[in-house]
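# Notes for the structure review
Here are the chains, one letter per residue:
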Amino acid sequence: MALDAETRDQLIDAVRRFVAERLRPIEAQVSENDAVPDEIVAEMRELGLFGLSIPEEYGGLGLSMEEECLVGIELGRTSPAFRSTFGTNVGIGSQGLVMFGSEAQKAKWLPGIASGEIVTSFALTEPEAGSDSASVRTGAERDGEFYVLNGTKRYITNANKAQLFTVMARTDPANKGAGGISAFLVPRDLAGLSVGKPEKKMGQQGAHICDVNFDNVRVPAANRIGEEGQGFRVAMQVLDRGRLHISAVCVGVAERLIADCVVYAAERKQFGAPIASFQLIQGMIADSKTETLAARALTLETARKRDHGAGVTLEAAAAKYFASEMVGRVADRAVQIFGGAGYVADHGIERLYRDVRIFRIYEGASQIQQIVIARETMKRGG
């Protein structure tokens, strides 16, 4: 249910001020320490950021997709690691439960997810299953009122902090495709579940990804989301929403980079004049602004379509594809405009350049988005 305009504007303004006053000043610290301070996480909980997409009856803010995207754009104006702190609760870690969970499952888990007391993770990717998500090998064998899970998940965001995992596992070994996969809610404290050390990454220090290992983990059958064989459907619908969220964050990062470039270009002088007066610099700023406006328009239009009940698999893939590729180009131009200053750490441009690279990979690599866009276009006949 959408907020009234005044409440929505108050929320966006509160997030904007939180980003500007609390998050941007500590970006370098978070990157250096590879950790978001506990007091910042507490403030995120107080703002309701962990429950942006959780229905109000379970303690969340219950934002529409458009409202979530507008908040995502504001959150994109700082290091993406901050958003990642609660991003799995808002998106892929909770939405399978929101969309397909039983009333009993929702009542048990969603209030804690909305408050941030429970951190969630989405465990789909494996050593042999990433872009080819239908080839999941982690097995879930039925044993009375339990399923016994065995396997390994890889690059799982927030795994080292998560208390609850949404896990995709194969319940039908004879079915090697998507129809053999089911979805499960797996609490971290179950015997046999272990989490590896955080990986060292190119960017987004402060946001962690880890392996998650399942060694004869007994999961109650009551924790299955939906029916057996519906796991791939759950995953794809969760990713449709997640792709729009990521698109919005990409727009926010691009807008931040453009604003930084405009300030720097007005101050930096070469050949006796501000570099902003040079047409080749203006051209890079113009290209960045145009692409960002296009990504913003596509993202918000698609979000509104989804809010009105339309199927947006094609449009969500197109938004994520365009926005994630766009922000990479904007970041590259920003380094160029800043020159040597963009290559060193002082201005944070090189950090954002590294941070945005992952947007073209997770929640569906650009090449997967191209496949989805082409497939859905052909289904629609053009």
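All of these numbers come straight from a predicted model, not from anything done at the bench. (Residues numbered from 1 in each chain as written. Predicted model: local features only at pLDDT ≥ 70, side-chain atom pairs only at ≥ 80, totals over all residues. Heavy atoms only, no water.)

### A short note on the environment of A266
Position of A266 among the secondary structure elements: in helix α8 (residues 231–267). In this structure A266 comes out as partly exposed when scored by relative accessible area, which is 46%. Taking the C-alpha atoms as reference, A266 lies 28 Å from A297; in sequence the two are 31 residues apart. Here A266 is in contact with P274 and A276, once residues within four sequence places are set aside. (Helix = DSSP H or I, 4+ residues; strand = E, 2+ residues; numbered from the N terminus. Buried < 20%, exposed > 50% of the residue type's maximum accessible area, 1.4 Å probe, protein only. Contact = heavy atoms within 4.5 Å.)

### Some points on the packing of helix α9 (residues 279–307) against helix α10 (residues 313–338)
For the pair α9 and α10, interaxial distance at closest approach is 9 Å and the crossing angle is 160°. Taken together, the axis directions place α9 and α10 in an arrangement best described as roughly antiparallel. The interaxial crossing formed by α9 with α10 has left-handed handedness. Looking at the contact of α9 with α10, its residues break down into 14 nonpolar, five polar and six charged. (Axes fitted to C-alpha atoms, helices over the stretch in contact; angles between N-to-C directions. Parallel < 35°, antiparallel > 145°, perpendicular 65-115°, else oblique. Left-handed = near helix turned anticlockwise from the far one by under 90°. Nonpolar A, V, L, I, M, F, W, Y, C, P; charged D, E, K, R; others polar.)

### So, helix α7 (residues 103–115)
Along its 13 residues, α7 runs 18 Å from first to last C-alpha, staying within 8% of the 18 Å computed at 1.5 Å per residue. Largest kink in α7: about 35°, centred on W109, with the proline P111 one to four residues after it. Three or more residues of α7 are buried, namely Q105, K106, W109, L110, G112, I113 and A114. Among the residues trailing α7, G116 stands out with phi positive, at a value near 90°. (Expected span 1.5 Å × (residues − 1). Bend = angle between axes of the 7 residues up to and from the residue.)

### A short note on the packing of aromatic side chains
Scanning all chains against the criterion turns up five aromatic pairs. Lying across the ring of F50, R45 places its NZ or CZ 5.6 Å from the centre. Above the face of the F146 ring, R218 is positioned so that its terminal group lies 4.7 Å from the ring centre. (Phe/Tyr/Trp six-rings, centres within 6.5 Å; stacked < 30°, edge-to-face > 60°. Lys NZ or Arg CZ within 6 Å of the ring centre and 35° of its normal.)

### Considerations on the pattern of salt bridges
Within the structure shown, the criterion is met by 25 salt bridges. The shortest N-O distance in the salt bridge between R333 and E291 comes to 2.6 Å. Remark: E291 occurs in helix α9 and R333 occurs in helix α10; sequence separation between them is 42 residues. The pair formed by R333 and E291 is uniform in burial state, with each residue classed as buried. For E315, the salt bridge identified is with R380, shortest N-O distance 2.8 Å. In this pair, E315 is assigned in helix α10 and R380 in helix α13 (residues 366–380), connecting sequence segments 65 residues apart. One network of salt bridges, with partners in common, ties together R16, E74, R77, E255 and R296. (Salt bridge = Lys/Arg side-chain N within 4 Å of Asp/Glu carboxyl O.)

### Details of the nonpolar core
Grouped together as the largest cluster of nonpolar side chains are 61 residues, with contacts concentrated most on M44, V71, F86, V253, L257, V327 and F359. Looking at this core, the elements with two or more residues in it are α1 (5–23), α3 (38–47), α4 (65–75), α5 (80–90), α8, α9, α10 and α12 (349–355). With 13 residues, the top contributor of residues to this core is α8. In this view, V327 contacts C250, V253, A254, V356 and F359; residues no more than four positions away in its chain are not counted. (Core = buried A, V, L, I, M, F, W, Y, C linked by side-chain atoms within 4.5 Å.)

### Remarks on the pairing of strand β7 (residues 209–220)
Taken together, the nine bridges between strand β3 (residues 146–157) and β7 define a ladder with antiparallel strand orientation. Paired with L149 across the strands is V217, a residue of β7. Judged from the three bridges that link them, strand β6 (residues 193–195) and β7 form a sheet pairing that is antiparallel. Paired with V195 across the bridge in β7 is V212. (Pairing = 2+ DSSP bridges.)

### As for the pairing of strand β5 (residues 181–187)
Of all the seven residues making up β5, seven are buried; the element is thus mostly covered by neighbouring parts of the structure. The side-chain alternation of β5 yields two buried faces, one formed by I181, A183, L185 and P187 and the other by S182, F184 and V186. With seven bridges joining them, strand β4 (residues 164–170) and β5 adopt antiparallel strand pairing. Bridge pairing in β5 links L164 to P187. Pairing geometry for β5 and strand β8 (residues 224–225), over two bridges, is antiparallel. In the sheet register, A183 faces β8, and the bridge partner there is I225.

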